There are 2 protein chains.
Amino acid sequence: MPRVVDHEERRTLIARTFQRHVLVHGLAATTFARVAASAGISVGLIQHYFTNRDELLRFVYLDALRRRDDRIVAHIAEGEAAERPIRDMLAAAVRELLPLDGTRTAEFHITQNLLTQALHDPEIAEVAVRADRDLHLRASVAVRNGKKCGEVEPDVDADTAAARILATAHGLAIRLALTRPPTATASTGHVDAVLGPILAAVFTGRCHHHDRSRSNPDGSGES
Amino acid sequence: MPRVVDHEERRTLIARTFQRHVLVHGLAATTFARVAASAGISVGLIQHYFTNRDELLRFVYLDALRRRDDRIVAHIAEGEAAERPIRDMLAAAVRELLPLDGTRTAEFHITQNLLTQALHDPEIAEVAVRADRDLHLRASVAVRNGKKCGEVEPDVDADTAAARILATAHGLAIRLALTRPPTATASTGHVDAVLGPILAAVFTGRCHHHDRSRSNPDGSGES
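Going by the annotation in an unreviewed UniProt entry, the name recorded for chain A is Transcriptional regulator, TetR family, with Micromonospora sediminicola given as the source organism.

**Student:** What is the right way to look at the overall build of chain A in this model?
**Tutor:** Scanning chain A for helices and strands turns up ten helices and zero strands. Going from N to C terminus, chain A has its helices and strands arranged as α-α-α-α-α-α-α-α-α-α. The principal-axis extent of the C-alpha atoms belonging to chain A is close to 65 × 50 × 35 Å. Per-residue burial for chain A yields a buried fraction of 46% across its 223 residues. At a minimum sequence separation of 6, the contacts of chain A that also span at least 24 residues come to 67%. Just so you have it, chain A exposes about 10900 Å², and 54% of that area is on carbon and sulfur atoms. Here chain A holds 28 positive side-chain charges and 29 negative ones, and the gap between their average locations is 5 Å.

**Student:** I'm lost on the relation of the copies chain A and chain B in this one. Help?
**Tutor:** Look at the two chain copies: a rotation about an axis and a shift along it is all it takes to match them. At an RMSD of 0.0 Å, chain A and chain B line up after a rotation of 180 degrees and a shift of 0.0 Å along the axis. One copy is carried onto the other by what is essentially a two-fold rotation axis. Counting the interface residues of chain A, we find that 100% of their copies in chain B are interface residues as well, pointing to one common contact surface.

**Student:** Explanation requested: the pattern of salt bridges in the structure shown.
**Tutor:** Pairs can form between side chains of opposite charge once their charged atoms are near each other. What the rule picks out here adds up to 26 salt bridges over all chains. Notably, a salt bridge pairs A:Arg138 with A:Asp69, separated by 3.0 Å at the nearest N-O pair. Taken together, the positions of A:Arg138 in helix α7 (residues 122-149) and A:Asp69 in helix α4 (residues 53-81) put the pair 69 residues apart, joining distant regions of the chain. Residue classification places A:Asp69 among the partly exposed positions, given a relative accessible area of 28%. Where B:Arg130 meets B:Glu126, a salt bridge forms, and the shortest distance between an N and an O atom there is 3.7 Å.

**Student:** I tried to follow the UniProt feature "DNA-binding region" (unreviewed entry) in chain A on my own but got confused; where do I start?
**Tutor:** Per the UniProt record, the feature "DNA-binding region" (unreviewed entry) sits at residues 31-50 of chain A. Overall, residues 31-50 of chain A shows 75% helix and 0% strand. The separation of its end C-alpha atoms is 13 Å.

**Student:** I keep staring at unusual backbone geometry and nothing clicks. Help me out?
**Tutor:** All names here are of chain B. Backbone geometry at Glu83 places phi at a positive 55 degrees, although glycine is not the residue there. Tracing the chain through its elements places Glu83 in the loop between α4 (53-81) and α5 (86-95). With phi around 35 degrees, Arg180 is a residue other than glycine that occupies positive phi space. Residue position: Arg180 is located in the loop between α8 (158-179) and α9 (184-202). A relative accessible area of 54% places Arg180 in the exposed class.

**Student:** Even after reading the chapter, I still don't get the interface of chain A and chain B, so can you show me in this structure?
**Tutor:** Interfaces are often described in size by the accessible area the parts lose on coming together. Each partner contributes residues to the interface: chain A has 37 residues there, and chain B has 37 residues. Regarding the contact of chain A and chain B, the summed buried area is about 3100 Å², with carbon and sulfur atoms giving 69% of it. Looking at the side of chain A facing chain B, the largest losses of area belong to A:Leu119, A:Arg164 and A:Leu178, adding up to 22% of the total buried there. Seen at the junction of chain A and chain B, the total is two salt bridges.

**Student:** Sorry, what's going on with the domain arrangement of chain A here?
**Tutor:** Residues and elements named next belong to chain A. If you check the domain split of chain A, you get domain 1 (1-51) and domain 2 (53-215). Of note, the centres of domain 1 and domain 2, computed from C-alpha atoms alone, are 29 Å apart. With 17 residues of domain 1 at the contact, the number on the domain 2 side is 17 residues. Taking both partners together, domain 1 and domain 2 bury about 1600 Å²; carbon and sulfur atoms supply 63% of that area. When the buried surface of domain 1 facing domain 2 is broken down by residue, Gln19, Leu23 and Leu27 rank first, second and third, together holding 38% of it. Taken together, the connections running from domain 1 to domain 2 amount to one salt bridge. Taking the shortest distance from any N to any O, the salt bridge between Arg16 and Asp63 comes out at 2.9 Å. Along the contact surface separating domain 1 from domain 2 lie five residue pairs in polar contact (both at pLDDT 80 or more). Of the residues belonging to the side of domain 1 that touches domain 2, the class tally is ten nonpolar, four polar and three charged.

**Student:** Sorry, what's going on with the environment of A:Arg11 here?
**Tutor:** Residues and elements named next belong to chain A. The topology assignment puts Arg11 in helix α1 (residues 7-25). Along the chain, Arg11 and Gly44 lie 33 residues apart, while their C-alpha atoms are 13 Å from each other. The contact partners of Arg11, leaving out residues within four places of it in the chain, are Tyr49, Phe50, Glu55 and Phe59. A distance of 2.8 Å separates a polar side-chain atom of Arg11 from the backbone oxygen of Tyr49.

**Student:** Please explain the packing of helix α1 (residues 7-25) of chain B against helix α6 (residues 102-118) of chain B as it appears in this structure.
**Tutor:** Axis angle and axis distance: for two packed helices, these are the angle between their axes and the distance between the axes, and together they describe the pair. All names here are of chain B. Packing of α1 against α6 brings their axes to within 9 Å, and their N-to-C directions diverge by 80 degrees. One way to sum up the angle between α1 and α6 is to call them roughly perpendicular. Across from Gln19, Val22 and Leu23 in α1, the residues of α6 making contact are Thr105, Ala106, Glu107, His109, Ile110 and Asn113.

Cut-offs used in this document
Residues numbered from 1 in each chain as written. Chains lettered and ligands numbered in written order. Predicted model: local features only at pLDDT ≥ 70, side-chain atom pairs only at ≥ 80, totals over all residues. Heavy atoms only, no water. Helix = DSSP H or I, 4+ residues; strand = E, 2+ residues; numbered from the N terminus. Buried < 20%, exposed > 50% of the residue type's maximum accessible area, 1.4 Å probe, protein only. Contact = heavy atoms within 4.5 Å. Areas by Shrake-Rupley, 256 points an atom, 1.4 Å probe, with all protein chains shown as cover. Lys, Arg positive; Asp, Glu negative; His and termini not counted. Charge placed at Lys NZ, Arg CZ, Asp CG, Glu CD. Least-squares fit on C-alpha atoms with pLDDT ≥ 70 in both. Salt bridge = Lys/Arg side-chain N within 4 Å of Asp/Glu carboxyl O. UniProt positions renumbered as here; feature names shortened; annotations may be inferred. Buried area = accessible area lost by both parts, 1.4 Å probe. Domains from an automatic or database assignment. Polar contact = N/O pair within 3.5 Å; in protein donor to acceptor, adjacent residues only side chain to side chain. Nonpolar A, V, L, I, M, F, W, Y, C, P; charged D, E, K, R; others polar. Axes fitted to C-alpha atoms, helices over the stretch in contact; angles between N-to-C directions. Parallel < 35°, antiparallel > 145°, perpendicular 65-115°, else oblique.

Printed below as a string of structure tokens:
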């Protein structure tokens, strides 16, 4: 029996090759022909998996967003397990939007290119608006949870606080990608200096969520 | 004697036609042929003014940046004449980066498209980095002036404060362009809610620069 081709794997291989090409040459110069040549496959095979360029663009965009979101979810799970303050979890999540290493730089190029495409392309705009909404929801839930546990004052508007934190992160991402700080340490220092006070202005208190479980080591009093 | 053609006017006409095309169709779809058709001129005439597409791209980018900067300079001049707080002048200047009307939306599309192009194009990156540096310098001078006149505490780091304000503005611009708030009032309200606290955290004091001229109406005691 011949080996069954893993179609999802093939689609992903094509999408990742497309992404690498965009990183070096930009979106406009990234065609089926060039992706096929880079991946060592035929244009016909790409067309077998993606009817047209628009379908491939959506897949590449969603693939980049999904990988970023997976890392954000991992930060939250890890932070909750380690009983970290929400502010620290949000800071770690926000760093996933910034081009601070090869993976995030490649993803940033994809999201920046497709966000720009979204300005005149309603189908890509649909993906971009949904991604923006999801990210905004995650950040505003973090602020709302902060209110429940004591890290955030009750009168803080969670939606504008989330918008403020994410806007700063997006603007910071562009600047880092553009000016390419000489070292990873320089980038991290700049990110901390710019984002730190904005998070500190929202998360002014201390989380009391784990206080009971700490005084009650068996956790029986904890929901 | 035949009328002398105003070459700068022709270059600007071509650039503005290019800009309008980018707004509707995006940068990749904006070719010499399409700009020529829209402007009702020949491709040869465009080539007379711009050797190649790269030269036109740089001109269009610089044209958009210059118009934006002219408006920022006007806000500063007007604010100084009216003895407004630096915070208000900076708020007005920063609003020039946001797609809050037709002119600023068209400019935002150009700068967003060319910023994205800058990620893989060193010549466009040179323009983008210089524009970023100029804007950063303006904002950090505003914060430094704020320290001199009493609006900003002496221990505030002017560079990171400027980076924070501009990063937020850039991220806000993207979100406004993407989500297109239903009304101008909704946009303005959102902008104030997001940017206001960031400016307020830097500009915490009151400007004493005009105190002497006010108590001394002839201004003789004022430098």
